[in-house]
Amino acid sequence: MSRERLPAVAERFRRTPAGRTLWRVAAGLLEIQIVDRALALAAQIFTSVLPVIIAASVFSGWHGAAEVFTDQFGFEVGEVSAGSADASDPSVAAFGFVGLLMVLISGTSFARALGRVYGAVWQVPSMGPRDAWRWFAALLAVALAVALVAQTRDLAQVRYAGRPLSLLGEIAVWTAVWALAPFLLTKGALRGRRVWATGLLTGVGLTAVHVGGRVALPRITANAQQHFGTLGLAFTSVSWLFVMSLVIVGAAVIVAALTLDESRVGVFLRG
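Everything quoted here is computed from the prediction, not taken from an experiment. (Residues numbered from 1 in each chain as written. Predicted model: local features only at pLDDT ≥ 70, side-chain atom pairs only at ≥ 80, totals over all residues. Heavy atoms only, no water.)

(A) Local environment of the layout of surface pockets. Estimates place the volume of the second largest pocket at around 310 Å³. Taken together, 14 residues make up the lining of the second largest pocket; nearest its centre are Gly28, Glu31, Val121, Ala256 and Leu260. Looking at the lining of the second largest pocket element by element, the count peaks at five residues for helix α2 (residues 17-32). Across the lining of the second largest pocket, the residue classes break down as nine nonpolar, three polar and two charged. (1 Å grid on protein atoms, 1.4 Å probe; cavity = no way out; pocket = protein on both sides within 12 Å on 5 of 7 lines; lining within 4 Å. Points joined across faces, edges and corners; volume = space filled by probe spheres on them. Helix = DSSP H or I, 4+ residues; strand = E, 2+ residues; numbered from the N terminus. Nonpolar A, V, L, I, M, F, W, Y, C, P; charged D, E, K, R; others polar.)

(B) Inspection of the pattern of salt bridges at higher detail. Evaluation of the coordinates by the stated rule reveals two salt bridges. Between Arg134 and Asp131 there is a salt bridge, and its shortest N-O distance comes to 3.9 Å. No difference in accessibility class separates Arg134 from Asp131, as the two residues are buried. One salt bridge connects Asp131 with Lys187, and the closest N-O pair in it is separated by 3.8 Å. Of this pair, Asp131 sits in the loop between α5 (90-122) and α6 (132-151) while Lys187 sits in the loop between α7 (162-185) and α8 (192-228), and the two are 56 residues apart along the sequence. Among the charged side chains, a network of salt bridges with common partners joins Asp131, Arg134 and Lys187. (Salt bridge = Lys/Arg side-chain N within 4 Å of Asp/Glu carboxyl O. Buried < 20%, exposed > 50% of the residue type's maximum accessible area, 1.4 Å probe, protein only.)

(C) Geometry of the nonpolar core. Counting 53 residues, the largest nonpolar core has Phe110, Leu114 and Trp178 as its most contacted members. At the level of elements, α3 (34-60), α5, α6, α7, α8 and α9 (230-259) are the ones that each hand at least two residues to this core. Sequence-distant contacts of Trp178, defined by excluding residues within four places in its chain, comprise Phe110, Leu114, Tyr118, Val142, Val195, Thr198, Gly199, Thr202, Leu206 and Ile248. (Core = buried A, V, L, I, M, F, W, Y, C linked by side-chain atoms within 4.5 Å. Contact = heavy atoms within 4.5 Å.)

The values are spatial; any link to function lies outside them.
Printed below as a string of C-alpha cells:
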C-alpha cells in the first residue's frame, strides 16, 4: 500500500463504528497523557500506599501485603528491611496512633492523584477538603484489597478448580475496589454500569499483570538485586507499579470511549 493511500484508508476506517471507537480510545489516551499520569500514580503508590500497608501490618500483625510481594517479586520483604518493629514495644506503641495518622494523611496524596485522573477522564470537577473522607476511604479500600488479594491464593488449594477459583477471586476483589474508587472520587458522578465496567476491566487487567509477574518478575528481581542490591529491588518494584498504573488509567479511558460508542456496548453502558 502506497503512502498516498494511507490517509484515505485511515479516514474510511474512522468512519466505521469500530474505527470511531478505536480513534476515541487513542485520542483519550493521548489527551489524558497516560504515561505521565501512570508515572505519577506509580510514584504515589510507592510513597503513599505502601507505607500505609506496612504500618497497618506492623500494628495488626496481618502480613497479607508482604505475602503479595513474596508471591509477585520472589523475595521476602524481611530480607531487605533494616529491622523489625514489635508492636508491644513501648516506643512503637507511643508512635502508633500519631504515626499511623500521619501516614494516613500523607497517603491521601495517592487518592488525590487518582481523583485527578478520573476527573480528567470523565470531565468532573475535583474534590475539595470537605470531601476528604472520600480520599481516606479510597486509600484504605485499595490497601485492604492488596491484602485480600493475597488471601485468594488459598483458593488454589481447592481440588480440581483451585486455580480458576483463585483467579476469579482476585478479579472479584480488584473489580470491587476499582468500582468503589471512581465512585468515591467522582462524588458519585460515575455510577451504574459505567463504574462496574471500569472496575471489571481494571480487575481483569491487574489480574493479568499479576499472573505475568509471577512468571517474569522473580528472574528480573533476582538479576536487579544481584547487580544493584536494594536499589535494584526498589527500581523493579516502581517499574512494575508503573505497569499496573497504566492498566488503571487505561481502563478508565477505554470505558469512557466505549460509553460514547453508537454500538450496543455504548447503549448498554449509558443505561
